[in-house]
Amino acid sequence: HGKVYYECTVIKKGRFPQIGWADETFKVTPGYQNYGVGDTKNSWGIDGVREKVWNGDGQPLALSWVENDVIGFAIDLDSSPPSFHVGVNGRWTMKAVSNMKYKGGLWPAITSDGHYTVNFGEEKMQFGPPDDSYSNVLDKMKNTCMVQDICEFVIRNRTLVPNQDLPTGDDI
């Protein structure tokens, strides 16, 4: 449980970004298959281009982003029910998704035809979380042996091949 967040900077927004969280039952599909994060009930995605929140279907969300915006993605697993918040350039929504039902843990997940840089906490965040009770992804995972599993899961969801050398810098 806990409160966790990460940031993405928009380099090129693309047409169909869906960025957010997925549970351990989320299945990665290589190549374009016309669905991604949030298109199933075991993942939650925000699309700042089409202004929708996804969890099985797309619902309107009054939130958009453009190139150079920094988007924050936060989950509050301590609240009842658990919730997902999103912010653009430090301005957080109340709740993009409430009543999250998930199996196992949750991991950051991204599907997009655009270009985004992701900061899980390896660098100083450009904007803070919704409040000081949140930790970035890396700080939250420092004291657990799951870091390798999380990194492999995130990399697989970026459509990279698992069990090969980890990408660095512009390779992501």
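Residues numbered from 1 in each chain as written. Predicted model: local features only at pLDDT ≥ 70, side-chain atom pairs only at ≥ 80, totals over all residues. Heavy atoms only, no water.

## Points about the environment of Val28
Argument step 1. With respect to the helices and strands, the residue Val28 is situated in the loop between strand 2 (18-23) and strand 3 (43-47).
Argument step 2. In the structure, Val28 is positioned 83 residues away from Thr111 in sequence and 9.9 Å away in space, judged by C-alpha atoms. (Helix = DSSP H or I, 4+ residues; strand = E, 2+ residues; numbered from the N terminus.)

## Notes on the sheet that holds strand 4 (residues 52-54)
Argument step 1. Taken in spatial order, the five strands line up as 5-4-3-2-10 in an open sheet, and their pairing is antiparallel. Two strands close off the open sheet at either side, each with one partner strand: strand 5 (58-60) and strand 10 (106-111). Pairwise comparison of adjacent strand axes, ignoring direction, gives a mean angle of 25 degrees for this sheet.
Argument step 2. Two elements, strand 4 and strand 5, share three bridges in a ladder whose sense is antiparallel. The partner of Lys52 across the bridge, within strand 5, is Pro60. (Pairing = 2+ DSSP bridges. Axes fitted to C-alpha atoms, helices over the stretch in contact; angles between N-to-C directions.)

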